[in-house]
Amino acid sequence: MAAVTDVLLPTSPDEAVSAFGDGTGVTVVGGGTIVMPEISAGRLRPSRTLLLARAGLAGVKREGGKVTIGATAPLEALVDLPSPVGPCAANVGDIEIRSRATLGGNLCAGEGHGAPRGDLQGALLAVGAQVHSAGSGGETTEPLEDFLAHRRERLVLDVSYDEPAAGAFVALDRPHTHEYTVLAVSAARLADGSVRLAATGAGSWGVRLPAAEAAVADPHEAGEAATQDVTPNDDALASAWYRLQVLPVLVRRALTQLEENA
Amino acid sequence: MRLTVNGRAHEIESAPLTPLLAVLREELTITSPKAGCQQGGCGACTVLVDGKPVRSCLVPVAAVNGAEVTTLEGLGTPERLAPVQAAFHDQYGSQCGFCTPGVLMATHALLERTPKPSRDEIEEALAGHVCRCTGYVKILASVEAAANNGSVS
């Protein structure tokens, strides 16, 4: 741990944004659950580290049908939110991991060693979340789908979404509380009646399931269609083949649960 | 940087990204938090930071500058065991002892927030704590005993 490193500890969102700059060469640490094992094992030797622990980005606000979650809100602070976001957050790690792991880290997580990361990506895609971030070109607010494409270059500030009329979350049981999610499907019925579906674990990061969404009138058909929406990986937790077998089942269950929660 | 550990204030000289676990064990020679997996997956390094259980291997010390840290050494003494320690002692909840400090800190925190936890709540609270000796029957009985003034249902 003797490596010389520049450590920045901003005490306000503005300070965090200016410390991040355009993000070049900056390693961002939210709760540390992803970065610290890399540092401890010597795989990562950051030259410039931005610790967000005191940056004042941990708020969770739920009012007027709108939810706003700060970048460093711990996942444990989200577990009581309505489905799919709350149950999805509750399905991550154990209480001590959830108390440290942050929303921002979850959205910006790399692909991981042999398993997909970023559980909340699926749930937040389903509810149509908007990501407010900083970086090169200044602050932007954009749909999560767009954010995920360049997530490693941005500093998440907060995420917001309109509460859906109904939500659902179904996941394969994890073999152990510390395992990453093998496969999960989130569903949301928005205020306009449209249904959005997204999966975690069906690729390197969370993906929407547009072909399945187009077929939601028939859950069986929607389940089969979902397999066209994803390119799952073989990894330590499951094979791509297995994930493609299970995905239609989870989509059907999610749509059934969505009806029950309506 | 400063930390208050088990009621005693310390100036910290470790580098800012040093895991809290390494600060406790190597700089302050407080060795009840164990360095197991060092990636947040075993629970053996669990301590309380401002009263909340955390994996000390995942926390860069700079992120908790000024915090109050409680380790197992701060719960009780050999002459005067804390209730969770007494219950684990009475119920044979510890075998080799490596996971025990983390389990005790998590149990202490559980009973602070939920004084009479159900079996499910106990299992949920300890789900991240890996014991390689005994299995979990004695551990769960010990937690139940700690919640019931020493008796097991």
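Residues numbered from 1 in each chain as written. Chains lettered and ligands numbered in written order. Predicted model: local features only at pLDDT ≥ 70, side-chain atom pairs only at ≥ 80, totals over all residues. Heavy atoms only, no water.

Draft legend 1. The overall build of chain A, seen in detail. A tally of regular secondary structure across chain A gives ten helices and twelve strands. Radius of gyration (C-alpha) of chain A: 18 Å, near the 18 Å computed for a compact globule of 262 residues. Across its three principal directions, the C-alpha atoms of chain A cover 55 × 40 × 35 Å. Classification of the 262 residues of chain A by burial places 53% in the buried group. Counted over contacts in chain A with a minimum sequence separation of 6, partners at least 24 positions apart contribute 59%. Charged side chains in chain A number 20 positive and 32 negative. The centres of these two groups are separated by 4 Å. (Helix = DSSP H or I, 4+ residues; strand = E, 2+ residues; numbered from the N terminus. Rg over C-alpha atoms; globule rule 2.2 N^0.38 Å. Buried < 20%, exposed > 50% of the residue type's maximum accessible area, 1.4 Å probe, protein only. Contact = heavy atoms within 4.5 Å. Lys, Arg positive; Asp, Glu negative; His and termini not counted. Charge placed at Lys NZ, Arg CZ, Asp CG, Glu CD.)

Draft legend 2. Just the pairing of strand 1 (residues 2–5) of chain B, in detail. Residue and element names in this part refer to chain B. Burial along strand 1 is one-sided: Leu3 and Val5 are buried, and none of Arg2 and Thr4, which face the opposite way, are. Inspection of the sheet shows strand 1 paired to strand 2 (residues 8–11) by four bridges, in the antiparallel sense. The residue bridging threonine 4 from the neighbouring strand is alanine 9, located in strand 2. Hairpin connection of strand 1 to strand 2: two residues between the antiparallel strands, including asparagine 6 at a positive phi of 50°. Pairing of strand 1 with strand 5 (residues 68–70) involves two bridges; the strand directions are parallel. Each bridged residue has a counterpart across the sheet, and for valine 5 the counterpart in strand 5 is valine 69. (Pairing = 2+ DSSP bridges.)

Draft legend 3. Expanded view of the nonpolar core. Residues and elements named next belong to chain A. Formed by 59 residues in total, the largest nonpolar core has its most connected members in Leu120, Leu124 and Tyr161. Those residues in contact with leucine 120 that lie beyond four places of it in its chain are Leu75, Leu78, Val85, Cys88, Ala89, Leu103 and Asn106. Core analysis: the next-biggest nonpolar cluster, separate from the first, contains 26 residues, Ala187, Val230, Leu250 and Ala254 among them. (Core = buried A, V, L, I, M, F, W, Y, C linked by side-chain atoms within 4.5 Å.)

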